Amino acid sequence: MKPNCLIVDLMHPSIIDLLEEAGFTVSYRPEIKPDEVKAALKGFRVLMVRSKLHITEELLSEADELQIIARAGAGVDNIDEAALIRRNIQLVNAPEGNRDAVGEFTVGLLLALFRNIVKADKEVREHIWHREENRGEEIFGKTIGIIGYGNMGKAFARCLLGFNCRVIANDTFNDAIFDENAERVSLSEIFEQADVVSFHIPYTPENYHFANAAFFRSFRKKVWVLSTARGEIMDYTALVAGLQAGRLKGAALDVLENEKLGTLNARQQVNFEFLAQAPNVILTPHIAGWTHQSYQKINEVLVQKIKAIHYQKDGLR
């Protein structure tokens, strides 16, 4: 009998052919409701998800044959990894699929921030022709500090190669692999030398509000802030305070502390209203890794990883 895979989120159409070519039977149910997934998992070897639901111990309680959970994307903060370990289920994700998209987009945010592109565009549409007021900055000669040097941080560093800037990076993992595109430094060196700080770390409980008031106060220079990571890693009240005090020159944010804008609490609403009105802030709706190309590449990465794990388990390399 062929191994089977349940897909509960929208995926690029190529996923079915890729899985079938790899020897899997596919049940594609992107319309399934979250409360129906628990019962539907019975008998499946593989579950493929995006961010539709949280994978918990309770959800997996009837998954009698499940061996692999495949997260179509980079972040796995919606998955209880401890529950997977207890049930001997392997987790795979696909940061290799959208890392180039994230790297390019982060450079785009930096250029837009430095050159007042969003502000200037809005002004011209309103028949306002301000040149001197929109005089910008060059990336040339700046020191770019990257927090987190995994797939996304490396991709951003690679995209910066043509700008004649210095790239320094910090990663909390001692075994993080660095390349020639960035100099590995301590966090204190980031604070001392960076003109720009860009976040590329995943959200984990340990990283909650990693960028807090003390973090932003630690920079010797006034810095620009970029985030294409996860909203939870940053204290947005501290970010707003830094912008209001002039300690931060500007921010470009692809992620927010609460991305369901209709459910903001009072504090989040105050922060959002400031950010939305600030001329030195750019906001985008979590689209850094969201390209037509990455949509398909994520499928290709996931299927290769699923196939390798499945056939290794069955002794069929």
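For clarity, every value in this text was computed on a predicted model and none was experimentally measured.

**As for the pattern of salt bridges**
Stage number 1. Under the defined criterion, the tally for this structure stands at 17 salt bridges.
Stage number 2. Residue glutamate 123 pairs with lysine 119 through a salt bridge whose shortest N-O separation is 3.0 Å. Of this pair, glutamate 123 and lysine 119 both sit in helix α5 (residues 117-125), separated by 4 residues, roughly a single helical turn.
Stage number 3. Its salt-bridge partner being lysine 221, residue aspartate 195 comes within 3.1 Å of it at the nearest N-O pair. In this pair, aspartate 195 sits in the loop between α7 (187-193) and β9 (196-199) while lysine 221 sits in the loop between α8 (213-217) and β10 (223-227), placing the two residues 26 residues apart along the sequence.

**Quick look at helix α10 (residues 266-277)**
Stage number 1. In this model, α10 (12 residues) spans 17 Å end to end at C-alpha, consistent with the 16 Å of a helix rising 1.5 Å per residue.
Stage number 2. Every buried residue belonging to α10 is among Gln268, Asn271 and Leu275, and all of these are buried. Buried residues of α10 fall within an arc of 65° about the axis and therefore sit on the same side. More than 90 degrees from the buried face of α10, the exposed residues found are Ala266, Val270 and Gln277.
Stage number 3. With a side-chain oxygen positioned 3.2 Å from the backbone nitrogen of arginine 267, the residue opening α10 is asparagine 265.

**Some details on unusual backbone geometry**
With glycine set apart, most residues show a phi of negative sign, and most peptide bonds adopt trans.
Stage number 1. For asparagine 116, which is not a glycine, the phi torsion comes out positive at approximately 55°.
Stage number 2. Mapped onto the secondary structure, asparagine 116 falls in the loop between α4 (95-114) and α5.
Stage number 3. Judged by its relative accessible area of 18%, asparagine 116 is buried.

**Concerning the environment of lysine 222**
Stage number 1. For lysine 222, the location among the structural elements is in the loop between α8 and β10.
Stage number 2. Sequence spacing of lysine 222 and leucine 248 is 26 residues, and the spatial spacing of their C-alpha atoms is 5.2 Å.
Stage number 3. Setting aside chain neighbours within four positions, we find lysine 222 in contact with Asp195, Gly246, Arg247 and Lys249.

**Regarding empty space enclosed by the protein**
Unoccupied space between atoms shows up once a probe the size of one water molecule is rolled over them.
Stage number 1. The final tally for this structure, using the stated rule, is 1 cavity of 30 Å³ or more.
Stage number 2. Taken together, Tyr236, Leu256, Glu257, Asn258, Leu261, Leu264, Gln268, Phe272 and Leu275 make up the lining of the largest cavity.
Stage number 3. With 3 residues, α10 is the single largest residue contributor to the lining of the largest cavity.
Stage number 4. Grouping the amino acids of the lining of the largest cavity by side-chain chemistry returns 6 nonpolar, 2 polar and 1 charged.

**Observations concerning the sheet that holds strand β2 (residues 25-28)**
Stage number 1. With respect to topology, 5 strands assemble into an open sheet ordered β2-β1-β3-β4-β5, the strand pairing being parallel. Only two strands of the sheet have a single partner each, and these edge strands are β2 and β5 (90-93). Direction aside, the axes of adjacent strands within the sheet are offset by 20° on average.
Stage number 2. One ladder, built from 4 bridges, connects strand β3 (residues 46-49) with strand β4 (residues 68-71); its direction is parallel. Bridging from a neighbouring strand, methionine 48 pairs with alanine 70 of β4.

**Looking at the UniProt feature "domain: D-isomer specific 2-hydroxyacid dehydrogenase catalytic" (unreviewed entry) in the chain**
Stage number 1. With numbering matched to this structure, UniProt assigns "domain: D-isomer specific 2-hydroxyacid dehydrogenase catalytic" (unreviewed entry) to residues 6-309.
Stage number 2. The annotated region residues 6-309 carries 37% helix and 16% strand content, and the separation between its end C-alpha atoms amounts to 16 Å.

**Re the UniProt feature "domain: D-isomer specific 2-hydroxyacid dehydrogenase NAD-binding" (unreviewed entry) in the chain**
Stage number 1. As recorded in UniProt, the sites labelled "domain: D-isomer specific 2-hydroxyacid dehydrogenase NAD-binding" (unreviewed entry) are residues 107-288.
Stage number 2. Helix and strand shares over residues 107-288 are 33% and 16% respectively, and the end C-alpha atoms of the span are 10 Å apart.

**Focus on the packing of α4 against helix α6 (residues 151-159)**
Stage number 1. The contact between α4 and α6 brings their axes to 8 Å, and the two run at 50°. Between α4 and α6, the crossing angle belongs to the class labelled oblique. Once α4 is placed against α6, the crossing between them reads as right-handed. Here Pro95, Glu96, Asn98, Arg99, Asp100, Val102, Gly103, Glu104, Thr106, Val107 and Leu110 of α4 come into contact with α6, specifically with Asn151, Met152, Ala155, Phe156, Arg158 and Cys159.
Stage number 2. Of the residues assigned to the contact of α4 with α6, the class counts are 8 nonpolar, 4 polar and 5 charged.

Rules and cut-offs
- Residues numbered from 1 in each chain as written.
- Predicted model: local features only at pLDDT ≥ 70, side-chain atom pairs only at ≥ 80, totals over all residues.
- Heavy atoms only, no water.
- Salt bridge = Lys/Arg side-chain N within 4 Å of Asp/Glu carboxyl O.
- Helix = DSSP H or I, 4+ residues; strand = E, 2+ residues; numbered from the N terminus.
- Expected span 1.5 Å × (residues − 1).
- Buried < 20%, exposed > 50% of the residue type's maximum accessible area, 1.4 Å probe, protein only.
- Arc of directions from axis to C-beta.
- Polar contact = N/O pair within 3.5 Å; in protein donor to acceptor, adjacent residues only side chain to side chain.
- Contact = heavy atoms within 4.5 Å.
- 1 Å grid on protein atoms, 1.4 Å probe; cavity = no way out; pocket = protein on both sides within 12 Å on 5 of 7 lines; lining within 4 Å.
- Points joined across faces, edges and corners; volume = space filled by probe spheres on them.
- Nonpolar A, V, L, I, M, F, W, Y, C, P; charged D, E, K, R; others polar.
- Pairing = 2+ DSSP bridges.
- Axes fitted to C-alpha atoms, helices over the stretch in contact; angles between N-to-C directions.
- UniProt positions renumbered as here; feature names shortened; annotations may be inferred.
- Parallel < 35°, antiparallel > 145°, perpendicular 65-115°, else oblique.
- Left-handed = near helix turned anticlockwise from the far one by under 90°.

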